[in-house]
Amino acid sequence: MTGELKDETEEEFPHSPFIRKQGNIYKPNNKDMDNDSMNEKAMEDVHTKEIDLVNRDPKHINDNVVKVDFEDIIAEPAGTYSFDGVWKASFTTFTVTKYWCYRLLTTLVGIPLALIWGIFFAILSFVHIWAVVPCVKSYMIETHCISRVYSICVHTFCDPLFEAMGKIFSNIRIQSTKGV
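Note that the coordinates shown come from a computational prediction; the quantities given were computed from them, not determined experimentally.

(A) Geometry of the packing of aromatic side chains. In total, this model carries 7 aromatic pairs according to the counting rule given. Ring geometry for Tyr99 and Trp100: centres 5.3 Å apart, planes at 85 degrees, overall edge-to-face. Measuring from ring centre to ring centre gives 5.2 Å for Phe120 and Phe121, while their planes differ by 80 degrees; the resulting arrangement is edge-to-face. Among the residues examined, Phe120 registers a relative accessible area of 41% and is labelled partly exposed. For Phe121, a relative accessible area of 44% corresponds to the partly exposed category. An aromatic cluster of three or more residues is present, and its members are Phe70, Trp87, Phe91 and Phe94.

(B) Just unusual backbone geometry, in detail. Positive phi, normally seen in glycine, also occurs at His60, with a value near 55 degrees. Counting through the fold element by element, His60 comes out in the loop between helix 1 (2-12) and helix 2 (70-73).

Conventions adopted
- Residues numbered from 1 in each chain as written.
- Predicted model: local features only at pLDDT ≥ 70, side-chain atom pairs only at ≥ 80, totals over all residues.
- Heavy atoms only, no water.
- Phe/Tyr/Trp six-rings, centres within 6.5 Å; stacked < 30°, edge-to-face > 60°.
- Buried < 20%, exposed > 50% of the residue type's maximum accessible area, 1.4 Å probe, protein only.
- Helix = DSSP H or I, 4+ residues; strand = E, 2+ residues; numbered from the N terminus.

Right under this line is the structure:
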C-alpha cells in the first residue's frame, strides 16, 4: 500500500517545491540529496589545490618580460673573444648570482609581498562585488527609467516636427541644365 500511495503522490505533485532533485542547496555539487557518501575531502577546494612545482607560470604571464639569460645580456662579436676560461667564469658567475640573488629576495620579500598582494586583491574583490557592481546596476536601473521618459518626449514632440519638415523638404526638386 505504501508503494501505491507513493506513486499516487508523485503523479499528483511532479514538481513539488520541497524536493530538490538537482542537489543539496548547501552542497550544490551533490547529484542526489540521498547520496551523502561523498565526503568533504572529495570536493575540490580552490584554497587547497595542488601547486605545480615544475611549471610555475602555466598562464605564461612572464614569458616576454623577465626571461633574461646570459646570452641576452652579454655577447662577444666575432673577432673580439675573451679567453675561454673568462667566458665560462663570466657565464657561471652571472647565472649563479642571478639564481641565488633571486632566491634570497624571494625568501626575504616574497612572503610579505604575497601577503600584501593577497590583501590588495581581497580588498579589490570586496569593493568590486559589494560597491562597484551594485552602483552600476543601480545607475543602469535609474538611467533606464530616464531613458524611457526621454524616449516618450522625443516621440511625442520631435517625431511630428521632423516628419512635417521631411514632408516639406521632400517636394523640393532641383534641376540643373547646362547652358552652352
